[in-house]
Amino acid sequence: MNNTTTPKILTSKQYSDFAFFKQNRPIRTSIAKYKRLKTSMQKHGWIPSFPATVNVIGNKKFLVDGQNRFTAAKELGLPIVYVVVGKKYNIAEIAESFRPWSGSDFASSHAADGNKNFQLLMEFCDKHGISPTRGVSLLAAQDRVFTDGSGGSSKAVREGTFKFEEKGAIYAANVLKVASEMPRKLKKNRAIIAAVSRVLLVEEVECQTLIEKIRTNLGQIVPKSSVDEYIHLLETIYNKRNKNPIAIGLKLLEKSRKA
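Residues numbered from 1 in each chain as written. Predicted model: local features only at pLDDT ≥ 70, side-chain atom pairs only at ≥ 80, totals over all residues. Heavy atoms only, no water.

J.: What's the story with unusual backbone geometry in this structure? I'm lost.
T.: Glycine aside, the phi torsion of most residues is negative, and most peptide linkages are trans. One non-glycine residue, R241, adopts positive backbone phi at about 55°. Relative to the helices and strands, R241 resides in the loop between α11 (227-238) and α12 (248-258). Look at R241 and you get exposed, because its relative accessible area is 81%. (Helix = DSSP H or I, 4+ residues; strand = E, 2+ residues; numbered from the N terminus. Buried < 20%, exposed > 50% of the residue type's maximum accessible area, 1.4 Å probe, protein only.)

This is the structure:
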């Protein structure tokens, strides 16, 4: 016999009785999807067949699912339609079934849940003005740039096993420093950032020297069609007036064969 009972649908306009779990991803009221939801709820109200799901903890009703609808309803002065469930759920797993979570969503959730590695990741990303997804890619690139071309660690981010290492943070910060010196149109160019990531793996290449050479030869940094072409360009610039030129491309080729 199935002993499962259907939760009773409740309503309330006591908005202060509700709360978000720290693991919930941020509500982005400025995006088009949220605005469409709010317009729909303004027209139709909160449709009872799609209630929010809450866990009652103490005197608060914590939203497991329905944060966007709750926010829109509160802004519109509509009653919250919800059901109470006793079981604790994996917030990320449930939310992803409705709209896939991005790497940034997972990183923010793990950080809010007290994971020190992700808290350090978020601090690093805030400091450098980049997204957690890009931050993870850069922080992992030093060890993986020759194996997958991006240093991506999506599985580690999803599962919360990503490790923040000081060595990777120093390397990633140097990559961002060099990238910030590029012409405006190329600062966020994926190919040139990948080229910088690889060039800085050559032990003989000094970050500050590369920055100074870029500043001196900024006019020569023009759009290229591939990572290899950017590497060749950076090698040419780095070796200008250098009594002991470094065969950057050759050294990277040797590294890739060992990877």
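From this point, the discussion proceeds with the structure in view.
J.: Can you walk me through the nonpolar core in this structure?
T.: Soluble globular proteins tend to bury their nonpolar side chains together. One finds L121, F124, V178, M182, L200 and I248 to be the most contacted residues of the largest nonpolar core, which totals 50 residues. Looking at this core element by element, the count peaks at eight residues for helix α8 (residues 166-180). Residue contacts for I248: discarding those within four places in its chain leaves V199, V202, V205, I231, E235 and Y238. (Core = buried A, V, L, I, M, F, W, Y, C linked by side-chain atoms within 4.5 Å. Contact = heavy atoms within 4.5 Å.)

J.: Just checking my understanding: could you explain the sheet that holds strand β4 (residues 60-65) for this structure?
T.: Picture the strands of a sheet paired through backbone hydrogen bonds; they go either parallel or antiparallel. Spatial ordering of the open sheet is given by β1-β5-β3-β4-β2, a layout of five strands whose pairing is mixed. Sheet topology places β1 (10-12) and β2 (18-20) at the edges, where each strand pairs with a single neighbour. Neighbour-to-neighbour, the strand axes of the sheet open up by a mean angle of 50°, direction not taken into account. The pairing of strand β3 (residues 52-57) with strand β5 (residues 80-84) spans three bridges and is classified as parallel. Residue pairing for β5: T53 is matched across the bridge by V83. (Pairing = 2+ DSSP bridges. Axes fitted to C-alpha atoms, helices over the stretch in contact; angles between N-to-C directions.)

Don't take any of this as a statement about function, it's just geometry.
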